[in-house]
Amino acid sequence: MKKRDILRLAVVTVGLFLSGGCSDFLEEESQDEVIPKTVTDFSELLMGSGYPSTAYYPGSILAQLDDDKMLDRDGENVLGSTGAEEWFPAFTWQPDLYRRDEGTPLASTEYYMWYERIKGCNAVLDYIDDAIGTQSEREQVKAEALALRAYYYFWLVNLYGEPYNYNKEALGVPLKLTSTVQEEVGGARNTVKEVYEQILKDLDASAKLFEKYNVVIGNYRMNLPAVKILLSRVYLYMEEWQNAVNAANDAIELGRGLTDLTLVDENVNYCMNSYDVNETVCIFGARIDNYSMAYVVSSDLLKLFNSKDRRIGIYIIAQYSGGGDFTGWLINKNAAAGEPGQCLRLAEAYLNRAEAYSRLTGKQSDALADLNTLRKHRIMDYRDVSIADPTALLDTIRKERRLELCYEGHRWFDLRRYAVNSVYPYEKEIRHISYDFLEGSGVYRVGTYVLKPYSQDAAAYMLPIPRYAIEFNEGTLTNEVRPSREVVVE
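Scoring rules and cut-offs
- Numbering of residues starts from 1 in every chain and runs along the sequence as written.
- Given that this is a predicted model, residues contribute local features only at a pLDDT of at least 70 and side-chain atom pairs are listed and counted only at 80 or more, while totals for whole chains, interfaces and linings are drawn from all residues.
- Side-chain metrics rest on all non-hydrogen atoms present in the structure, leaving aside hydrogens and water.
- Helix numbers and strand numbers start at the N terminus; a helix is a DSSP run of H or I with at least 4 residues, a strand a run of E with at least 2.
- With a 1.4 Å probe rolled over the protein chains alone, any residue whose accessible area is under 20% of its type maximum counts as buried; one over 50% counts as exposed, and the rest are partly exposed.
- Only heavy atoms matter for contacts: two residues are in contact if any of them lie within 4.5 Å across the pair.
- All accessible-area figures derive from a Shrake-Rupley calculation using a 1.4 Å probe, and residue coverage is judged against the displayed protein chains alone.
- By the convention used here, strands pair only if DSSP detects at least 2 bridges between them.
- Fitting a line to C-alpha atoms yields each axis, with helices limited to the stretch in contact; the angle taken between N-to-C directions then spans 0 to 180 degrees.
- In this scheme, roughly parallel covers angles under 35 degrees and roughly antiparallel covers those over 145, while 65 to 115 is roughly perpendicular and the rest are oblique.
- For any helix crossing, the convention is left-handed if the near helix is rotated counterclockwise from the far helix by under a right angle, and right-handed if that rotation is clockwise.
- For this classification, Asp, Glu, Lys and Arg are treated as charged, while Ala, Val, Leu, Ile, Met, Phe, Trp, Tyr, Cys and Pro are nonpolar and the rest, including Gly, are polar.
- N or O atoms closer than or at 3.5 Å make up a polar contact, with two conditions inside protein: a donor-capable atom paired with an acceptor-capable one, and, for residues adjacent in sequence, both atoms drawn from side chains.
- Looking at any residue, its pLDDT shows the predictor's confidence there, from 0 to 100.
- Here a pair means two rings of Phe, Tyr or Trp (six-membered ring of Trp) with centres within 6.5 Å. Their orientation is stacked below 30 degrees between planes, edge-to-face above 60, and tilted elsewhere.
- Placement of a positive charge over a ring is assigned whenever Lys NZ or Arg CZ falls within 6 Å of the ring centre and within 35 degrees of the normal to the ring plane.
- Multiplying one less than the number of residues by 1.5 Å gives the expected span of a helix.
- Salt bridge, as used here: a side-chain nitrogen of Lys or Arg that lies within 4 Å of a carboxyl oxygen of Asp or Glu.
- What goes into a patch is any residue over 30% in relative accessible area without a salt bridge, connected to like charges within 9 Å or, for nonpolar side chains (Val, Leu, Ile, Met, Phe, Trp, Tyr), within 5 Å.
- Asp and Glu are treated as the negative residues and Lys and Arg as the positive ones, with His and the ends of the chain left uncounted.

Glancing now at the overall build of the protein. In terms of helices and strands, the protein carries 17 helices and nine strands. Within the protein, the proportion of its 490 residues that are buried is 56%. Restricting the contact set of the protein to residue pairs at least 6 apart, pairs at least 24 apart contribute 72%. Carbon and sulfur atoms make up 49% of the accessible area of the protein, which totals about 20600 Å².

Another point: the pairing of strand 5 (residues 326–331). Taken together, the five bridges between strand 4 (residues 316–320) and strand 5 define a ladder with antiparallel strand orientation. Looking at strand 5, one finds that Ile317 is bridged to Leu330. Taking the residues that link successive antiparallel strands as the turn, the strand 4-strand 5 hairpin has five residues, and the phi of Gly324 there is positive, at about 90°.

Time to look at the packing of helix 9 (residues 224–238) against helix 12 (residues 346–358). Running from N to C, helix 9 and helix 12 point in directions that differ by 30°, and their axes come no closer than 9 Å. Our classification of the angle between helix 9 and helix 12 gives roughly parallel. As helix 9 packs across helix 12, the resulting crossing turns out to be left-handed. Here Ile229, Ser232, Arg233 and Leu236 of helix 9 come into contact with helix 12, specifically with Leu346, Glu348, Ala349, Asn352, Glu355 and Ala356. The residue makeup of the contact of helix 9 with helix 12, split by class, is five nonpolar, two polar and three charged.

Turning next to the side chain of Thr262. On the secondary structure map, Thr262 appears in the loop between helix 10 (241–254) and strand 2 (280–284). Taking the relative accessible area as the measure of exposure, Thr262 reaches 17% and is therefore buried. Within the structure, Thr262 has its side chain in polar contact with the side chain of Asp260 (distance 2.5 Å).

So, on to the environment of Phe472. Within the secondary structure, Phe472 sits in helix 17 (residues 467–472). Separated by 285 residues in the primary sequence, Phe472 and Gly187 have C-alpha atoms spaced 9.2 Å apart.

Right, let's get into the confidence of the model for the protein. Regions with low pLDDT should not have their predicted coordinates read in detail. Chain-level statistics for the protein give a pLDDT mean of 85 and a share of 84% at 70 or above. Note that pLDDT drops below 50 for residues 12–33; the model gives that stretch 30 contacts with residues more than four away or on any other chain.

As enumerated under the stated definition, the model contains 23 aromatic pairs in all. Note on Tyr151 and Trp155: the rings are 6.4 Å apart at their centroids and 65° apart in plane angle, and the pair reads as edge-to-face. One end of the pair, Tyr151, and the other, Trp155, are both in helix 7 (residues 135–160), four residues apart, so they sit about a helical turn from each other. Aromatic pair Trp412 and Tyr461: ring centres 5.5 Å apart, planes at 10°, arrangement stacked. Within this pair, whereas Trp412 is found in helix 15 (residues 411–419), its partner Tyr461 is found in the loop between helix 16 (454–457) and helix 17, the two being separated by 49 residues in sequence. Exposure class is identical for Trp412 and Tyr461. Each is buried. By way of ring pairs, the aromatic residues Trp114, Tyr151, Tyr152, Phe154, Trp155, Tyr164, Tyr196, Tyr237, Phe284 and Phe413 are connected into one cluster. One residue, Arg353, lies across the ring of Tyr350, its end atom 5.4 Å from the ring centre. Across the ring face of Tyr418, the terminal group of Arg398 is positioned such that the distance to the ring centre comes to 4.2 Å.

Two residues of an α-helix separated by three or four positions point the same way, owing to the 3.6 residues in each turn. Along its 18 residues, helix 6 (residues 110–127) runs 27 Å from first to last C-alpha, staying within 8% of the 26 Å computed at 1.5 Å per residue. Burial within helix 6 is extensive, with 17 of its 18 residues counted as buried.

It is worth spelling out the packing of helix 12 against helix 14 (residues 390–404) at this point. Taken N-terminus to C-terminus, the directions of helix 12 and helix 14 make an angle of 165°; their axes are 10 Å apart at the nearest point. The orientation of helix 12 relative to helix 14 falls into the category roughly antiparallel. For the element pair helix 12 and helix 14, the recorded crossing hand is left-handed. In contact with Ala347, Glu348, Leu351, Asn352, Ala354, Glu355 and Ser358 of helix 12, helix 14 contributes Leu393, Leu394, Ile397, Glu400, Arg401 and Glu404. Residue classes in the contact of helix 12 with helix 14 are distributed as six nonpolar, two polar and five charged.

Quick look at the pattern of salt bridges now. Side-chain pairs of opposite charge can arise whenever the charged atoms involved come near each other. Within the structure shown, the criterion is met by 30 salt bridges. A salt bridge links Glu144 to Arg221; the shortest N-O distance between them is 2.7 Å. Taken together, the residues Glu144 in helix 7 and Arg221 in the loop between helix 8 (192–210) and helix 9 connect sequence positions 77 residues apart. Pair check on accessibility: Glu144 and Arg221 agree, each one buried. Two residues, Arg417 and Glu355, come together in a salt bridge whose shortest N-O distance is 2.7 Å. Placement of the pair is Arg417 in helix 15 and Glu355 in helix 12, with a sequence separation of 62 residues. A single burial state applies to Arg417 and to Glu355, both of which are buried.

Take a nonpolar patch on the surface next. On the surface, Tyr320, Phe326 and Trp329 cluster together to form a nonpolar patch covering roughly 330 Å² of accessible area. Examined against the element boundaries, Tyr320 turns out to sit in strand 4.

Right, let's get into the side chain of Arg310. Looking at the secondary structure, you find Arg310 in the loop between helix 11 (299–302) and strand 4. Buried and without a salt bridge, Arg310 has Glu266 as its closest oppositely charged side chain, separated by 4.7 Å. A distance of 3.3 Å separates the side chain of Arg310 from the backbone oxygen of Leu261, its partner in a polar contact. Look past the residues within four positions of Arg310 in its chain and what remains in contact with it is Leu261, Thr262, Val264, Asp265, Glu266, Arg378 and Met380.

Dropping the structure here:
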């Protein structure tokens, strides 16, 4: 098959024109006009089929798995209501947590959407070197595509594979590195180690290309400081502490500094997901925090914030009724529906570096300095703290990470790697409370679902590969056995 025909098939498969349908593209007389030829064409292909959609983010399921959400105790949201039921299998870590996807088109499912975006990146990477344009233009687009592919595989391997710091030889996810149309949802699973190696390879190659040119922040595209933040995150998960520090150093040096939230006007609705915020280096995709309003900010998270912490009032805001009565807390970190809702921020680089420093001999003072620096930009009248005990220092950094990065897709992944940490394991259960009415009584019945520590409940810390993907691949994909989870009525 000619190279041009392969590209045409790849472009159709990744759904370049999903927003307007494919009919025009499939008309014979229009095919030559729409096949990407120039760098601009490939840049548009990447934006449409490689960058995350602003309509739906495949990582939204994470918001129901961790301990930062709870079911709202409201007559509209008790078990059985539409809002609660849609995400309830995920909220209770059930083996059929994909129940809500049954009967939906294949392209609407999360696992498929990750690979659709990867295929969009692959279509660009396969042909960008021959695109009409300057070398610098080609390399910029290539750098973006490599960074995005690495980002997607990072999500996939941490959703469907075991934590790297526990068993890197375990099965991860299929690596799909070309835009050929076969095996639309992958093939046999690669190991966690192999997926991480590919992630690092892509991020390193992306960084080398970006480093040739000036840093551009503010165009809703990947850039060098964003890649360095991702590198620091990947190395942190791999427990390669010095490499995590080095990448975070680069990100901080390339960025525009932390934003001082203590100076933000309390009467202004301030959103971190804006390029007007200094520390925000890249904005993309849809928000992942609350696709169902039945699930709200957990009381467990709320009680961790200091009374002078400006993140309350900025990241999480109080909601009031028309009569001025307090009705609950709303997440305010992300943009409105239809606008890009995720971002990479320098605050993560500081936290990645602080955690890595805390694990390096003789670097505890550096870890403490990063912790204090971040807190000064978040808490009114903050005074530096001194923590001599290594365990207490790491616990404090973990807590700060939870507060700072809440609802940005970090907490579930962090809980997984904390749980299997060989030196400082996090062995706490996660408990999700459900509510229902006692039949005919009009009063609530309270029940609890429990996720045990990783050593006792490992399979539940990984999402199952969806049934359609297993069927499509005729047995080359398999799942670990996941236990059903029963409610304990209190």
